[in-house]
Amino acid sequence: MAKKKSVKRVKRVNVNMPQEELVEDILLRLPVKTLLCCRCVCKSWLSLISDNNFATSHFQLTSTHRRIFINRSARKSLPVDGDAWLHDDSAYASSNLDFIRYQSYVGIMGSCRGFLFLHGDIDFYLWNPSTGAHKQIPASPITHDNDGYELLSGFAYDQSTDDYLIVSLFCKCDGAIKLMIFSLRANKWKPMEVASHLPDITTAVWDCVPKSGLSLNGSIHWIVYNEETFKNVIIAFDIKEIAMLEIPLPDDFISICSNFSIHYDLIEVGGLIGAWMHDLNTVKIYVMQEYGVHSSWTKIIQFSADPVLHKDLYIACLTKCGDIVGRNYKDRLVKFNDKGKKLETLRSNKYQWVVYTESLFSLPSSGRT
């Protein structure tokens, strides 16, 4: 018997609405790349698509997720559709990061509302790959004064003030922990006293590269090792309340300060916080079904780790169909199914990655710089 072909249902457009509303309703359903071309059709479309309210509605309605891979030394990027095959050349649209000058290293520190948070040798950069909008952020006073080194870093959006914030946690030369926040609206760094309430923590920070945080639910999250309880925990910085919270990890999540053969981090899974770990024997992925509730941690994937196939596996994201995309010990991008079977490998190296949502947003009081 022939397999019945599935038919994709498309949401109908209300043709009885006024013409202007009908045009806007249609445009809201188009991808960012198409909308950028539509701005050239007429002045009214340019005005509509450039409006911040339109950008917000489009972001909430479409939510087109993409993965982007950045070559850390060549300053090149590869945006890829969420479920595309890694070797599908048609899925790639390579672009140069020419706005990043005189940097020998470029790392991805996170994403928020379509913007990527990039870290150079010293300075930070914000970049919207969809529109090209970008801004260079100066290094913090602590970095300029050589008074310490960065442990944690993150990037988030404060809806209450319509402001983007960069949060950095530093270990000063005298051993004190200092929290610094950069506001794009104020265009300056500001120290915050909340750092004094942090637990005694350490993070695995090698090569002087700070650990990046996951922005979700109005907070930035990191996995750290609490030296008081001898456990790995999640610390979350609430950008609205300017408060630091501690969230326990699953009971069987590994607790270790540092070990080069054991890897773990946070990922976003369907709008929820996820945590993955890879030790010598197993690969596990968990999801917190209810934010902040320890009992809601659910293990969604577990398989035995092959010492060769999964050696030094770092997980980037899960696709819509549940496949795992990550980086292996050869610095190559790989895709596995939920049983750990390798599906494909991209023969490129020296890439970092992040999952971001396409948007039309510009930066407050800056736009394209």
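Note that the coordinates shown come from a computational prediction; the quantities given were computed from them, not determined experimentally. (Residues numbered from 1 in each chain as written. Predicted model: local features only at pLDDT ≥ 70, side-chain atom pairs only at ≥ 80, totals over all residues. Heavy atoms only, no water.)

**Focus: the sheet that holds strand 13 (residues 211-212)**
As a general point, the strands of a sheet are linked pairwise by backbone hydrogen bonds and lie either parallel or antiparallel. Definition in use: Any two strands are treated as partners once DSSP identifies two or more bridges connecting them. Helix and strand assignments follow DSSP, with helices taken as H or I runs no shorter than four residues and strands as E runs no shorter than two, numbered in order from the N terminus.
The sheet built from five strands is open, its strands ordered 11-10-9-8-13 with mixed pairing. Two strands bound the open sheet, and with one partner strand each, they are strand 11 (188-192) and strand 13.

**Let's talk about the pattern of salt bridges**
Opposite charge on two side chains lets them pair, provided their charged atoms get close. Under the convention used in this document: Just to be clear on terms, a salt bridge is a Lys or Arg side-chain nitrogen sitting within 4 Å of an Asp or Glu carboxyl oxygen. When accessible area is computed with a 1.4 Å probe and restricted to protein chains, residues below 20% of their type maximum are described as buried, those above 50% as exposed, and intermediate ones as partly exposed.
A complete count under the given rule lists six salt bridges for this structure. For K299, the salt bridge is made with D252, and the minimal N-O distance between the two is 3.1 Å. Of this pair, K299 sits in strand 21 (residues 297-304) while D252 sits in the loop between strand 17 (243-248) and strand 18 (263-269); the two residues are 47 residues apart in sequence, bridging distant segments of the chain. Looking at K299, the relative accessible area reads 36%, which means it is partly exposed. On the accessibility criterion, D252 (35% relative accessible area) is partly exposed. Residue K335 pairs with E344 through a salt bridge whose shortest N-O separation is 3.6 Å. Here K335 matches E344 in class, with each residue buried. Overlapping salt bridges, with partners in common, bring together D252, K284 and K299 in one network.

**Describing the confidence of the model for the protein chain**
To be explicit about the condition: The predictor attaches a confidence to each residue, called pLDDT, with possible values from 0 through 100. Any two residues having at least one pair of non-hydrogen atoms within 4.5 Å are treated as being in contact.
Per-residue pLDDT for the protein chain has a mean of 79; in total, 78% of the residues score no lower than 70. Confidence drops under pLDDT 50 across residues 88-93; counting only partners more than four residues distant or on other chains, this segment forms 13 contacts. Low confidence marks residues 204-208, where pLDDT is under 50. Its contacts with residues over four positions away, or in another chain, come to six contacts.

**Focus on the environment of R327**
Residue placement: R327 occurs in strand 23 (residues 324-327). The sequence separation of R327 and L313 amounts to 14 residues, and the corresponding C-alpha distance is 5.7 Å.

**So, the environment of Y329**
If you trace the backbone, Y329 turns up in the loop between strand 23 and strand 24 (333-336). Overall, the relative accessible area of 34% leaves Y329 in the partly exposed class. Remark: the alpha-carbon pair of Y329 and L313, spanning 16 residues in sequence, is separated by 6.5 Å. Setting aside residues up to four positions removed in sequence, Y329 forms contacts with V308, K311 and D312.

**Here's the deal with the pairing of strand 17**
Bridge count between strand 16 (residues 231-238) and strand 17: six bridges; the pairing is antiparallel. Within strand 17, the residue paired with V233 across the bridge is P248. From the end of strand 16 to the start of strand 17, which pair antiparallel, there are four residues, and I242 there has a positive phi angle of about 50 degrees.

**Some words on helix 4 (residues 52-62)**
Quick reminder of the rule: Within this analysis, the arc is defined by the directions that extend from the helix axis to the C-beta atoms. Whenever a nitrogen or oxygen atom comes within 3.5 Å of another N or O atom, the pair is scored as a polar contact, on the condition that within protein one atom can donate a hydrogen and the other can accept it, and that pairs from neighbouring residues in sequence are kept only if both atoms are in side chains.
The complete set of buried residues in helix 4 reads F54, A55, H58 and F59. All buried residues of helix 4 lie within an arc of 135 degrees about the axis, which places them on one face of the element. For helix 4, exposure combined with an orientation more than 90 degrees from the buried face picks out N53 and Q60. The N-terminus of helix 4 is capped by D51, whose side-chain oxygen sits 2.9 Å from the backbone nitrogen of N53.

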